[in-house]
Amino acid sequence: MSNISISDALTQITPRFSGQLLQPTDAGYEDARRVHNGLIDKRPFLIARCQNVADVVDAVNLAREHGIEVAVRGGGHNVAGRATLDGGIMVDLSLMKGIHVDPRAHTARAQGGVTWGEYNRETQVHGLASTGGVISTTGIAGLTLGGGLGWLLGKHGLAIDNLRSAQLVTAEGQVVTASNDEEPALFWAIRGGGGNFGVATSLEYTVHPVGPMISGGLIAHPFARARDALRFFRDTTMSLPDDLTVFAGLIHAPDGSNVKLAALLACHCGTADGEATLKPIKSFGSPVIDALGPMKQHIQTVI
Ligand SMILES: Cc1cc2nc3c(=O)[nH]c(=O)nc-3n(C[C@H](O)[C@H](O)[C@H](O)COP(=O)(O)OP(=O)(O)OC[C@H]3O[C@@H](n4cnc5c(N)ncnc54)[C@H](O)[C@@H]3O)c2cc1C
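Since this is a predicted model, take the numbers as computed values, not measurements.

1. Observations regarding the site of the ligand
Surveying the vicinity of the ligand reveals 27 residues, the closest of which are V72, G74, G76, L149 and A200. One of the backbone nitrogen or oxygen atoms of V134 is found 2.8 Å away from an oxygen atom of the ligand. Contact between the ligand and G142: an oxygen atom at 3.0 Å from a main-chain N or O atom of the residue. Notes on the ligand: free accessible area 950 Å², of which the protein chains cover 83%. Secondary structure elements with two or more residues in the shell around the ligand: β3 (70-73), α5 (140-145) and β10 (199-206). With 4 residues, α5 is the largest single contributor of residues to the shell around the ligand.

2. Some thoughts on the nonpolar core
Core analysis: the largest hydrophobic core is formed by 24 residues, its most contacted members being Y119, I140, L168, I190, L203 and Y205. Looking at this core, the element that brings in the most residues is α5, giving 4 residues. Grouped together as the second largest cluster of nonpolar side chains are 21 residues, I13, L21, A63 and M96 included.

3. Observations regarding the sheet that holds strand β4 (residues 89-92)
If you trace the 4 strands from one edge of the open sheet to the other, you get β1-β2-β4-β3, paired in mixed fashion. Since the sheet does not close on itself, it has two edges, and those belong to β1 (20-22) and β3, each with one partner. The sheet shows a mean angle of 15° between the axes of neighbouring strands, taken without regard to direction. Sheet strands in contact with helix α3 (residues 53-65) are β2 (46-49), β3 and β4, and its direction is about 165° off that of β4.

4. Description of the domain arrangement of the protein chain
You can read the domains of the protein chain as domain 1 (6-92), domain 2 (99-209) and domain 3 (213-296). Counting from both sides, the interface comprises 7 residues of domain 2 and, opposite them, 9 residues of domain 3. Summing the contributions of domain 2 and of domain 3, the shared interface buries around 720 Å²; its carbon and sulfur component is 68%. Linking domain 2 to domain 3 there are 1 salt bridge. Of the charged contacts, one joins K155 and D243 as a salt bridge, the two residues approaching to 3.4 Å between their closest N and O atoms. Counting the contacts that link domain 2 with domain 3 gives 4 residue pairs in polar contact (both at pLDDT 80 or more).

Cut-offs applied
Residues numbered from 1 in each chain as written. Predicted model: local features only at pLDDT ≥ 70, side-chain atom pairs only at ≥ 80, totals over all residues. Heavy atoms only, no water. Near = heavy atom within 4 Å. Polar contact = N/O pair within 3.5 Å; in protein donor to acceptor, adjacent residues only side chain to side chain. Areas by Shrake-Rupley, 256 points an atom, 1.4 Å probe, with all protein chains shown as cover. Helix = DSSP H or I, 4+ residues; strand = E, 2+ residues; numbered from the N terminus. Core = buried A, V, L, I, M, F, W, Y, C linked by side-chain atoms within 4.5 Å. Buried < 20%, exposed > 50% of the residue type's maximum accessible area, 1.4 Å probe, protein only. Pairing = 2+ DSSP bridges. Axes fitted to C-alpha atoms, helices over the stretch in contact; angles between N-to-C directions. Contact = heavy atoms within 4.5 Å. Domains from an automatic or database assignment. Buried area = accessible area lost by both parts, 1.4 Å probe. Salt bridge = Lys/Arg side-chain N within 4 Å of Asp/Glu carboxyl O.

Quick look at the structure:
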């Protein structure tokens, strides 16, 4: 533990901190403490809005040296509000938006505050993509560290199957790279183990040729036919080609009418004829919504 007070330590760090250090009375604190789930109402002692790796190291060291709890905010999408906490330091990466795609090496490296919408937009400039979340505003970091299901799952696996390496700031304030070659045990842990092994300041993925046009979208049946729709989903998905990923869900109609529906959501990302592959799904029953068809791979889906 440090023998200087937390306020003296903050005074020392502030001039060199590239991002923002926000305390409850500072302008911007109320906005910065919000996460996706509006029911989460926590008040960190300090929000360290980091701009670079050095800021993250300073924030982590400050917390450790003063025995203060930390929560890391990537995209802030976790429903339980794990990105924030009462009384501790929120290490907020949402200003860290760097993305670099290397189309020759088929890799992309993105910083810990990037969302899937931002990542897809950049990788699609090169006609490339990795498995990410189905909703564009979800953070790449929290989703990947938890495993990561997405539209390209059938063909390219989970987000962690696409992860090549991650740069992390450990609880000791050390900057390490975890990959199959460096810190392999740590690399194993972060692929599904969640956010407790360090702050992931950047993540490097394999990118695959996808799009720019894919075939997919939503098709929905009346709630009264949900049993048939889910049985059809079970039977059909037993033998799908890897190019086609289909999810099923009981949803409310997207028009805000609150009508309950049984929906199938599909994405065909292969080179074969996507329309033909989707035909059995389009031909089933009497859908009340059929929005299955050609679309751009990079389409924003927001909840
Ligand atoms: C609308 C919605 C749609 C979703 N869709 C999908 C989906 O399609 N596929 C899927 O697999 N999951 C999905 N999820 C779940 C989502 O993957 C998790 O909630 C994930 O944790 C969100 O990541 P985030 O960075 O936005 O979250 P945050 O709330 O910022 O963080 C979540 C957890 O990860 C930790 N964390 C975040 N960033 C870092 C970092 N850089 N370093 C270390 N730890 C970090 C946090 O400390 C926290 O414990 C969805 C959730 C919502 C609310």
